[in-house]
Structures are given as C-alpha cells and as structure tokens.
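The primary structure of each chain is shown beneath.
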Amino acid sequence: MTYIEDIGLSDSAKAHALTYLRNVEITEQYRAQLFQWVGTYLDESTLENIIAYKKSSHWDQPFESIRSEAEKDLELTTLYASRGEQYDIDLMVFEGNLLILFNEVLSKAKEHLEKKVVAH
C-alpha cells in the first residue's frame, strides 16, 4: 500500500505517482488513463497554463473549477479499471493520495503564479 507519508521532501508528486503506476499490476487501459491524469493534474507547469487560460476566459473561480475537474476526471478513470481494480483497497488509497498530491501541486502553482503577478 502507498501512503502519502512515503513521499520524501525531494520527490515530486508527479514522479512519485509515475513510479507507482509503472510498478503496480493494473490493466493497460486503466494505467494509460491514470498516466494521462497524472500528466495533466500533477504537473505544475500544465496547471499554471490551465489556470492562466481560465483566468483569461473570465472564470469566476479558476482554482475551484480545476479542483472539480480533477476530481471528476479521476472518477472517470475508474471506467477503464476492471471490476477487481475498482474494489482494490490499495488502488482506492492511491487515488485518494493522487487527490492529496493534486491539492499540494495546485497550491504550489497558485503561489508561483501569485509571485509572478507581484513581480510584474
């Protein structure tokens, strides 16, 4: 089982998730969907681009919108999981950890963007 506490301070959220996905035994379709989710939602520069787009499109709450999309997209990945994978407690914990990691990356992206705005 993978716990959030297992992540060292020097490890990135994305690297941790990718390492887990490369080593866990799951169906290839489910793995591919999780890789795609990780590449989108655990990559700080990708999140910054999404935030910038949402702000430029006059979204009232870009961070809440992104959080909601991430949660929904992660739920949709389970459509690609086998029935056994859908009920596997280790995978459920991993998906929960993905959301925790996402919230950390989103906070970092938000801080980074705020620093950019202040610097200009």
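Just so it is clear, the model here is predicted, and its values are computed rather than measured.

(A) Examining the nonpolar core more closely. Membership of the largest hydrophobic core comes to 29 residues, with the highest contact counts inside it found for Trp37, Val38, Leu42, Leu47, Leu98 and Phe102. Elements represented by at least two residues in this core include exactly α1 (13–23), α2 (28–41), α3 (44–56), α4 (62–77) and α6 (89–119). The element best represented in this core is α6, accounting for nine residues. For valine 38, the residues in contact, after removing those within four places along its chain, are Lys14, Ala17, Leu18, Leu21, Asp43 and Leu98.

(B) Representation of α4 within the structure. Under the 1.5 Å per step criterion, the end-to-end length of α4 is 22 Å for 16 residues, consistent within 8% with the ideal 22 Å. Restricting attention to buried positions, one finds in α4 the residues Pro62, Phe63, Ser65, Ile66, Ala70, Leu74 and Thr77. Take α4 and look down its axis: the buried residues cluster within an arc of 160°, on one side only. Facing away from the buried side of α4 by more than 90 degrees, the exposed set consists of Lys72 and Glu75.

(C) Quick look at the environment of serine 107. Considering the arrangement of structural elements, one finds serine 107 in helix α6. For the pair formed by serine 107 and glutamate 44, sequence separation is 63 residues and the distance between their alpha carbons is 9.5 Å.

(D) Region of interest: the packing of aromatic side chains. Summed over all chains, the structure comprises four aromatic pairs. Their ring planes at 40° and their centres at 5.2 Å tell us that tryptophan 37 and tyrosine 41 sit as a pair that is tilted. Of the two residues, tryptophan 37 and tyrosine 41 are both situated in helix α2; the distance of four residues between them amounts to about one turn of the helix. Residue classification places tyrosine 41 among the buried residues on the basis of a relative accessible area of 5%. Between tyrosine 41 and phenylalanine 102 the ring centres are 5.8 Å apart and the planes differ by 85°, which places this aromatic pair in the edge-to-face class. Remark: phenylalanine 102 occurs in helix α6 and tyrosine 41 occurs in helix α2; sequence separation between them is 61 residues. By the ring-pair criterion, three or more aromatic residues cluster together here, those being Trp37, Tyr41 and Phe102.

(E) Inspection of a nonpolar patch on the surface at higher detail. Residues Leu76, Leu79 and Tyr80 make up a contiguous nonpolar surface patch of roughly 320 Å² in combined accessible area. Structurally, leucine 79 is set in the loop between α4 and α5 (83–86).

(F) Fine view of the side chain of arginine 31. Checked against the element boundaries, arginine 31 lands in helix α2. Reaching out from arginine 31, the side chain makes a polar contact with the side chain of glutamate 28 at a distance of 3.3 Å. When residues no more than four places from it in sequence are discounted, the contact partners of arginine 31 are Leu21, Arg22, Val24, Glu25 and Ile26.

Criteria and cut-off values
Residues numbered from 1 in each chain as written. Predicted model: local features only at pLDDT ≥ 70, side-chain atom pairs only at ≥ 80, totals over all residues. Heavy atoms only, no water. Core = buried A, V, L, I, M, F, W, Y, C linked by side-chain atoms within 4.5 Å. Buried < 20%, exposed > 50% of the residue type's maximum accessible area, 1.4 Å probe, protein only. Helix = DSSP H or I, 4+ residues; strand = E, 2+ residues; numbered from the N terminus. Contact = heavy atoms within 4.5 Å. Expected span 1.5 Å × (residues − 1). Arc of directions from axis to C-beta. Phe/Tyr/Trp six-rings, centres within 6.5 Å; stacked < 30°, edge-to-face > 60°. Patch = residues over 30% accessible without salt bridge, like charges linked within 9 Å, V, L, I, M, F, W, Y side chains within 5 Å. Areas by Shrake-Rupley, 256 points an atom, 1.4 Å probe, with all protein chains shown as cover. Salt bridge = Lys/Arg side-chain N within 4 Å of Asp/Glu carboxyl O. Polar contact = N/O pair within 3.5 Å; in protein donor to acceptor, adjacent residues only side chain to side chain.

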